[in-house]
Amino acid sequence: MVAEAELKRFLVVSYEYSARIAGGSVRVVGFARHAPAFGWTASVVTATPAEDQPDICDINVVTVPSVDGRFGGGIQATDDSGRLNPPGRLLRLLSPLKFWIPLERQALWLPRMLRQLGRQDTAGVRAVVVTSPPYVVLWAGRRLARRIGVPLIVDLRDDWVDRFAIEKRSVLNRALMHRFMNQMLRSAEAIVVVSPDTQDRLIKAGYTVHWIPNGFDEDEFVDIAIDAPLIGGDGPLTVVHTGWLGGFRSCRPVLDAMARIVREQGPRVDPVFRFKQMGLIDEHEIAVLAEVREGVDVVIEGQRSRTEAIKAMATADVLLVVPGTNIPAAVSGKIFEYYRARRPILLVARTGAATRLASEIGLRYVCAPDDVDGIVSILRELLEEKRNGTLRTRSSTGGLERWERTNGARALADVLDSVAGSDGSAAT
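The paragraphs below set out a description of the structure included in this document.

Analysis parameters
Residues numbered from 1 in each chain as written. Predicted model: local features only at pLDDT ≥ 70, side-chain atom pairs only at ≥ 80, totals over all residues. Heavy atoms only, no water. Core = buried A, V, L, I, M, F, W, Y, C linked by side-chain atoms within 4.5 Å. Buried < 20%, exposed > 50% of the residue type's maximum accessible area, 1.4 Å probe, protein only. Helix = DSSP H or I, 4+ residues; strand = E, 2+ residues; numbered from the N terminus. Contact = heavy atoms within 4.5 Å. Patch = residues over 30% accessible without salt bridge, like charges linked within 9 Å, V, L, I, M, F, W, Y side chains within 5 Å. Areas by Shrake-Rupley, 256 points an atom, 1.4 Å probe, with all protein chains shown as cover. Salt bridge = Lys/Arg side-chain N within 4 Å of Asp/Glu carboxyl O. Pairing = 2+ DSSP bridges. Axes fitted to C-alpha atoms, helices over the stretch in contact; angles between N-to-C directions. Arc of directions from axis to C-beta. Polar contact = N/O pair within 3.5 Å; in protein donor to acceptor, adjacent residues only side chain to side chain. Right-handed = clockwise from strand over helix to strand, strands pointing away. Phe/Tyr/Trp six-rings, centres within 6.5 Å; stacked < 30°, edge-to-face > 60°. Lys NZ or Arg CZ within 6 Å of the ring centre and 35° of its normal.

### Section: the nonpolar core
Counting residues in each nonpolar core, the largest one holds 38 residues, and the members touching the most others are Val-13, Trp-109, Met-113, Leu-156, Trp-160 and Leu-202. Mapped by element, the contributors of at least two residues to this core are strand E1 (8-13), helix H4 (110-116), strand E4 (125-132), helix H6 (137-148), strand E5 (152-156), helix H7 (160-166), helix H8 (171-186) and strand E6 (190-193). With 5 residues, H6 is the largest single contributor of residues to this core. For Trp-160, the residues in contact, after removing those within four places along its chain, are Tyr-135, Met-177, His-178, Met-181, Leu-185, Arg-201 and Leu-202.

Listed below in structure tokens is the structure:
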């Protein structure tokens, strides 16, 4: 650990900075928690209410309430049910405009945030790191970096191009979005991405890009043995998903496959499968989960803390990952945490970044979302292995430490060192 007096400071602009299962908070929290070991300490500016923020010693957090939250919508839940707030009347009226121009409601947060962030909050800052989505926050990060006179680092958690695969947008919308994003990237001294597919695409476009994958925090899994346990019993096969479910990330293929297996087995009194959802749920998936499927028990636990989510991982029979039905560059951070939880993982994804990672870490159960027969076959195998008491993860522990979040913080510190220079000025 570097002495506190020697730590260099960077400012993180992150719309979400939550201790719950929400947005890209976990990535930013990991950077903030581990950066001091590599010579840097973070200040965070966020819209997340103070009561939902993680408790990390010596991290200065500037909370700017989100004005746009009054209008509803977005990744917000009013209670622990996990059900996303429906958009308010104003947002519903404005929603047709999103087809034509790339609007994001978080733009309403930016003026207040820029006004509230004073000199005392940015004193000693040597670099600004801005994470997105929301993409409009990149503009605020650039403004802050220029105001302070320090380098800008853009952290892309999601590739904006992939949004066009799941959201219908006009040619004008796409052109404006491409122009905006390229302006933001060109103004950055460094670009950091989550997905290797995004890295490949941006390198082809002429950018220099650093790949810093998500990972797991070993401190959170210290009570979970590395040796994978055998799982058995006569109860239902319990499949757990932690995180956001939505129209672009649906559990329908898995639930329908479960129902098909039950129908083929014949009527039963006790459930054959139990599907447990922990995290945010949009209206589309609320309807999917509410459908009656004989022999399939659906449990909705809603928004929960990170601690509760990890406990759920550690006690599941199978952990489900759905990075995105039509988002090839998506790599869900859950894959790394599931990998460390040492339970069998079912990855439902098309060929892309997530399947590349699955091959690298040795995941056995991988299937495309439209391959119903394949999902049925996998679930049958998992169910039979549980009945026989032989169910366990087959993923190797070799190289597991590579995915610890400390490595991500070290990589970010290297980027900070390269652009900020030892004296805090931009490296030449």
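So much for the structure itself; the text now carries on.
### A word on a nonpolar patch on the surface
Together, Phe-99, Trp-100, Leu-172 and Leu-176 give the surface a local cluster of nonpolar side chains, amounting to about 370 Å² of exposed area. Looking at the nonpolar patch, the elements that each hand over two or more residues are helix H3 (97-100) and H8. Here Leu-176 lies in helix H8. Exposure remark for Leu-176: the relative accessible area of 34% places this residue in the partly exposed category.

### Observations concerning the sheet that holds E6
Spatially, E3-E2-E1-E4-E5-E6-E7 is the arrangement adopted by the 7 strands of the open sheet, whose pairing is parallel. Two strands in the sheet have a free side with no partner beyond their single neighbour: strand E3 (60-63) and strand E7 (209-211). Across the sheet, the mean angle from the axis of one strand to that of its neighbour is 25 degrees, orientation sign disregarded. As judged from the 6 bridges shared by E1 and strand E2 (residues 40-46), these two strands associate in the parallel manner. Directly across from Leu-11, in E2, lies its bridge partner Ser-43. H6 rests against E1, E4 and E5 of the sheet, and its axis sits at about 175 degrees to E4. Sheet strands touched by helix H16 (residues 405-420): E1, E2, E4, E5, E6 and E7. Its angle to E2, the strand with the most contacts, is close to 95 degrees.

### A word on the pattern of salt bridges
Side chains that differ in sign of charge can pair as their charged atoms come close. Counted by the stated rule, this structure contains 28 salt bridges. The residue Glu-301 makes a salt bridge to Lys-276 at a minimum N-O spacing of 3.8 Å. Of this pair, Glu-301 sits in the loop between strand E10 (296-300) and helix H12 (306-315) while Lys-276 sits in strand E9 (residues 273-278), and the two are 25 residues apart along the sequence. Since its relative accessible area comes to 23%, Glu-301 is described here as partly exposed. Note that Lys-386 is salt-bridged to Asp-317, the shortest N-O span being 2.6 Å. With a gap of 69 residues between them, Lys-386 in helix H15 (residues 372-388) and Asp-317 in the loop between H12 and strand E11 (318-321) connect regions that are remote in the sequence. Grouping residues by exposure puts Lys-386 and Asp-317 together as buried. Overlapping salt bridges, with partners in common, bring together Glu-220, Arg-306, Glu-337 and Arg-405 in one network.

### Quick look at helix H1 (residues 25-34)
Note that an α-helix has 3.6 residues per turn; residues three or four places apart therefore point the same way. Of all 10 residues in H1, 8 are buried, a share of seventy percent or more. All of the buried residues along H1 are Ser-25, Arg-27, Val-28, Val-29, Gly-30, Phe-31, Ala-32 and His-34.

### Here's the deal with helix H11 (residues 283-290)
Residues of H11 that are buried: Glu-285, Ile-286, Val-288 and Leu-289. In a view along the axis of H11, the buried residues occupy a sector of 165 degrees, so they form one face of it. Where the residues of H11 are buried, they touch helix H10 (252-265), E9 and E10. Where H11 starts, the residue carrying a side-chain oxygen 3.0 Å from the main-chain nitrogen of His-284 turns out to be Asp-282.

### Notes on the side chain of Gln-199
Here Gln-199 is to be found in helix H9 (residues 196-204). You can call Gln-199 buried: its relative accessible area is 16%. Contacts of Gln-199, omitting those with residues within four sequence positions, involve Val-193, Val-209, His-210 and Trp-211.

### As for the pairing of E6
Where burial is concerned, the two faces of E6 agree: the one with Ala-190 and Val-192 and the one with Ile-191 and Val-193 are both buried. Where E5 meets E6, 4 bridges bridge the pair, whose relative direction is parallel. Its bridge partner being in E6, Ile-153 is matched across the sheet by Ala-190. Handedness of the crossover is the feature at issue here: the chain leaves E6, passes through H9, returns alongside E7, and the resulting connection is right-handed.

### Description of the packing of aromatic side chains
One pass over the structure, following the stated rule, counts 6 aromatic pairs. Ring geometry for Tyr-15 versus Trp-109: centroids 5.2 Å apart, planes at 90 degrees, classification edge-to-face. Taken together, the residues Tyr-15 in the loop between E1 and H1 and Trp-109 in the loop between H3 and H4 connect sequence positions 94 residues apart. Summarising the burial analysis for this pair, Tyr-15 and Trp-109 share the class buried. Ring centres of Phe-216 and Phe-221 lie 6.1 Å apart, and the angle between their planes is 85 degrees; this geometry places the pair in the edge-to-face category. The burial state of Phe-216 is the same as that of Phe-221; both residues are buried. Connected via pairs of aromatic rings, a cluster forms that spans Trp-211, Phe-336 and Trp-403. Directly above the ring of Trp-160 sits Arg-201, whose terminal nitrogen or CZ lies 4.6 Å from the centroid.

These figures capture arrangement, not role.
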